[in-house]
Every structure is written in structure tokens, then in C-alpha cells.
Amino acid sequence: LAQIDRSQRLLEELSELDPKFEAAAARLRESRYLLEEVAHELRDYASTVESDPVRVDRVEERLAEIQAMKRKYGPGLSDVFAFVETARRELEDLESSETALEALDRQQRDLRRQCLELARRLSEGRQRAAKPLQSAVERELGDLEMRRTRFVVGIESRKDALSENGIDQVEFFISANPGEAPRPLARIASGGELSRIMLSLLSLLSMEHDRRTLIFDEIDSGIGGRVASRLGEKLTRLARRHQVFCVTHLPQIAACADHHFRVSKTRSRKRTVVRLKRLEGAERVEEISRMLAGGSVTETTRRHAEELLQAGGL
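Residues numbered from 1 in each chain as written. Predicted model: local features only at pLDDT ≥ 70, side-chain atom pairs only at ≥ 80, totals over all residues. Heavy atoms only, no water.

## Section: the sheet that holds strand 3 (residues 183-184)
Backbone-to-backbone hydrogen bonds join strands into a sheet, with any given pair of strands oriented parallel or antiparallel.
Alright, step 1. The antiparallel open sheet is built from three strands, whose spatial order is 1-2-3. For this open sheet the edge positions go to strand 1 (150-157) and strand 3, each flanked by a neighbour on one side alone.
Alright, step 2. Looking at chain direction, strand 2 (residues 168-175) and strand 3 are connected through two bridges and run antiparallel. Within the sheet, the bridge partner assigned to F173 lies in strand 3 and is P184.
Alright, step 3. Against the sheet, helix 5 (residues 97-143) touches strand 1 and strand 2, its axis set at about 170° to strand 1. (Pairing = 2+ DSSP bridges. Helix = DSSP H or I, 4+ residues; strand = E, 2+ residues; numbered from the N terminus. Contact = heavy atoms within 4.5 Å. Axes fitted to C-alpha atoms, helices over the stretch in contact; angles between N-to-C directions.)

## What about unusual backbone geometry?
Alright, step 1. A cis amide bond links G74 with the next residue in sequence, P75, at an omega value of 25°.
Alright, step 2. You will see that R269, though not glycine, has its phi angle at about 55°, which is positive.
Alright, step 3. The phi angle at K270 is positive, at roughly 65°, despite the residue not being glycine.
Alright, step 4. In this fold, K270 is placed in the loop between strand 6 (260-268) and strand 7 (271-279).

## Some points on the nonpolar core
A general tendency of soluble globular proteins is for nonpolar side chains to be buried together.
Alright, step 1. Membership of the largest hydrophobic core comes to 14 residues, with the highest contact counts inside it found for L199, F216, L231 and L235.
Alright, step 2. Put simply, the parts of the chain that give this core at least two residues each are helix 7 (191-204), strand 4 (213-217) and helix 8 (225-238).
Alright, step 3. If you tally residues by element for this core, the top one is helix 8, at five residues.
Alright, step 4. Those residues in contact with L235 that sit more than four places away from it in its chain are L199, F216, I219, V244, C246 and I253. (Core = buried A, V, L, I, M, F, W, Y, C linked by side-chain atoms within 4.5 Å. Buried < 20%, exposed > 50% of the residue type's maximum accessible area, 1.4 Å probe, protein only.)

## Focus: the packing of helix 1 (residues 2-17) against helix 2 (residues 22-48)
Alright, step 1. Direction vectors running N to C along helix 1 and helix 2 enclose 160°, while the axes themselves pass 9 Å from each other. Viewed along their axes, helix 1 and helix 2 adopt a mutual orientation that is roughly antiparallel. Helix 1 and helix 2 meet at a crossing whose hand is left-handed. Listed contacts from helix 2 to I4, D5, S7, Q8, L11, E12 and S15 of helix 1 are E22, A24, A25, L28, R29, R32 and L35. (Parallel < 35°, antiparallel > 145°, perpendicular 65-115°, else oblique. Left-handed = near helix turned anticlockwise from the far one by under 90°.)

Dropping the structure here:
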């Protein structure tokens, strides 16, 4: 308003020299009256507003904190509130953790007692089943030319060894010769003995719902034709429930298989090459004949091979 008053005086002085400025001076005078009314209204309003610089500073600080939280946990205020709620729950969990740990400890002790009771019953069942299994395995081994072999199931129970298998440590022992103390099967049995013992166990144990792939190597070690036929029959029965691979040099066993593969080695460019060939029809008869007679295959050996294949169920 002071600036307008000064301008108005200058215009009035100028209008005395040049009358054409009188209209401009009048408009400026009118404008001053209007601005003065606005100024009075603003002063009246300002007199009703309470001025509190300290509160203004606090509000600005809080707004700055809110913006910082939105940048860190946002982007929106709803995200900030969700984070606060999650943090509150975690804090409550931490503050009540000691009580929760005590409850879990009691639950663990109760479950351990239940597990030990179940393991004790399982151990008793194993103890009862051990002797019949020993006798049955020895009978099976007798059919496989291991008549003098003793088979023993060793069971050691320890409560501190509780696991998903109970509290027992089970180990198989054998004595291949009369007068010898049984020793751990895994340490003293040959590959052929292990294969025959495994075959005996698998033949006896019911595993209808536990399908497996079984591989037997050297299972025909040290046995003759009559025992080989029995061995082939056991493998055939086992193959009704599982997939069975058997590496054999005996025609009586090979003739019982559903599929026959010949493995051979040849020299090629100064390297040894192993070949695998599936045999069918006449090729299989010829291979069984070769296994029977060696290098000199005759019509008699071929007829014998055909008989073996027919007896094997093919």
C-alpha cells in the first residue's frame, strides 16, 4: 500500500503537467481502496489464528519421519502399517518364547516316551522273528549249495540310539564252515556268498509294496548245474515282484531270464570296446548252446539249449 501511495502521488503530479494521466491516477486510487480492504480482512483473520512455531516444527519433523518410513517400508502408508503389525506380532512371539520353549520341551519329552515304547515293542518283535528267519535263510542257502553255512541275526538294543528304525542295531553274521564262530557278513562274505544270501533274504521277505531293481553278480560262483537250476527258479520268482539283473556264466540261469543280453569285448583302433547285444530267437539258442559246450556247438547242445529255455518258461 505504501508503494501504491507513492505511485499515486507521482501520477497526480504528472497529471498536472499532462491531463491524460488523470484517468490512470483515478484507477490507481480505486485499486488502493480495494487492496486496503483486502489487507484489513487479512489482518482481521490473522488476529484470530494462534501462532505456535514450536508445534509447526514438530509437525514438519513428523511429516519428514512419515516420508522416511514410506521410502523404507512403503510405498504407501498401508504398507507401513502392515509392517508395524508384523513387527508387533514378532515382538510378542519373542517376549513369549520362553513359555513356548517350555511347552515344546514338555511335548518333546512326551513324544520321546511314546517313541521309546513303540521302539521297545518293535525290538521285541525283531527278537521273536530273528530265530525263524535264521532257520529259513539256512534252508534257502542249503538249496544253493551252502548247506553248512550258519546265519545269525545279531540285535543290539540301546535307548540312546533311538532313530526312525527304533533302538536296535541289527547286523547279520555267518559261519561258512562248521566250528567257526559267526562273523559279520559284510566283512567276510565273498561276492557270490553275498549274492546268494541276499537272494535268500529277498525270497523270504514279503516286499510286495516295495518294488526295487536288484543286481546280482557272481551269484553262480562255485555251484553246479543242479543248484544253478534252483537258483534260476528263485531268481524267476523274485523277478515277478522286482526288476532283476543277473550277470552269469551258467546256461541254467541265463535260460530262466525274460531278456538275454550278451556282453563282449572287441579291439577297435587299438582300443578295447565293450558291446552289449540283446539276443532273441535263434541267437539266444546259439548263445545258450555256446555256454553249455564252449567252442564246439553241436545239434545235441542246441537241443539241450532249447530244452533249458522251455524249462525256463520261455
